[in-house]
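One-letter residues, chain by chain:
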Amino acid sequence: MKKWLIPVIIIALLGFAIYQWAVGFNNTAVEYEANAETAWSNVESSYQRRNDLIGNLVKTVQGAADFEKSTLTAVIEARAKATSTTIDASNLTADNMAQFQQAQSGLSGALSKLLVSVERYPELKANQNFLELQSQLEGTENRINIARDRFNEKVNIYDIHTSKFPGSVLAGWFGFEEMPRYKADAGSENAPDVNFDF
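Residues numbered from 1 in each chain as written. Predicted model: local features only at pLDDT ≥ 70, side-chain atom pairs only at ≥ 80, totals over all residues. Heavy atoms only, no water.

As annotated in an unreviewed UniProt entry, the chain is LemA family protein from Winogradskyella psychrotolerans RS-3. According to the UniProt record, the Subcellular location (unreviewed entry) comment for the chain reads "Membrane". (UniProt positions renumbered as here; feature names shortened; annotations may be inferred.)

### Quick word on the packing of helix α1 (residues 5–62) against helix α5 (residues 128–163)
Two elements in contact, α1 and α5, have axes separated by 8 Å at closest approach and are oriented at 165°. Between α1 and α5, the crossing angle belongs to the class labelled roughly antiparallel. Where α1 crosses over α5, the handedness of that crossing is left-handed. Looking at the contact of α1 with α5 residue by residue, the class counts come to 21 nonpolar, 12 polar and 8 charged. (Axes fitted to C-alpha atoms, helices over the stretch in contact; angles between N-to-C directions. Helix = DSSP H or I, 4+ residues; strand = E, 2+ residues; numbered from the N terminus. Parallel < 35°, antiparallel > 145°, perpendicular 65-115°, else oblique. Left-handed = near helix turned anticlockwise from the far one by under 90°. Nonpolar A, V, L, I, M, F, W, Y, C, P; charged D, E, K, R; others polar.)

### As for a nonpolar patch on the surface
Together, Phe165, Val169, Trp173 and Phe174 line one region of the surface with nonpolar side chains, adding up to about 510 Å² of accessible area. By the secondary structure assignment, phenylalanine 165 is in the loop between α5 and α6 (167–174). Look at phenylalanine 165 and you get exposed, because its relative accessible area is 68%. (Patch = residues over 30% accessible without salt bridge, like charges linked within 9 Å, V, L, I, M, F, W, Y side chains within 5 Å. Areas by Shrake-Rupley, 256 points an atom, 1.4 Å probe, with all protein chains shown as cover. Salt bridge = Lys/Arg side-chain N within 4 Å of Asp/Glu carboxyl O. Buried < 20%, exposed > 50% of the residue type's maximum accessible area, 1.4 Å probe, protein only.)

Structure below.
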């Protein structure tokens, strides 16, 4: 074997090993990114279920003729805003996430006000359809929380993979950027004031 052939073989093997490593990194990052995007779609799906249930809840509550129209209007408007704010899973930015979260928080606030107002209407509290919808809504809120947690877990796996050295160098070359996480609403770390003055 010729002496010049040994360095060429070593260089070729090193080049092939680096190529395989880069391809492996890229494929794993693509998989983790897709998993995070799927998890985001599950978050949106949970919110869509909530929006569908709220529509049915509002129709049931409208049956109570003397119910406060302003409360119903606030829920209907917040629901419309929440359903019009969507994010393409391939374009998850911190700004898009904040806008989506703000719309969902507005709907949560209006819905809470509606459910508190219902307490003054015994005929509505006794309505089986209303009680069932209220129970389904509680379950859906739990699903939303679980979906958000799972989304954050998937984003964490992706971000660790693309942030650790030497993967961070390849992430820059291949265009992988940090993904935003779903964050708690501002002020949610504070316990709410509970007032029992009736």
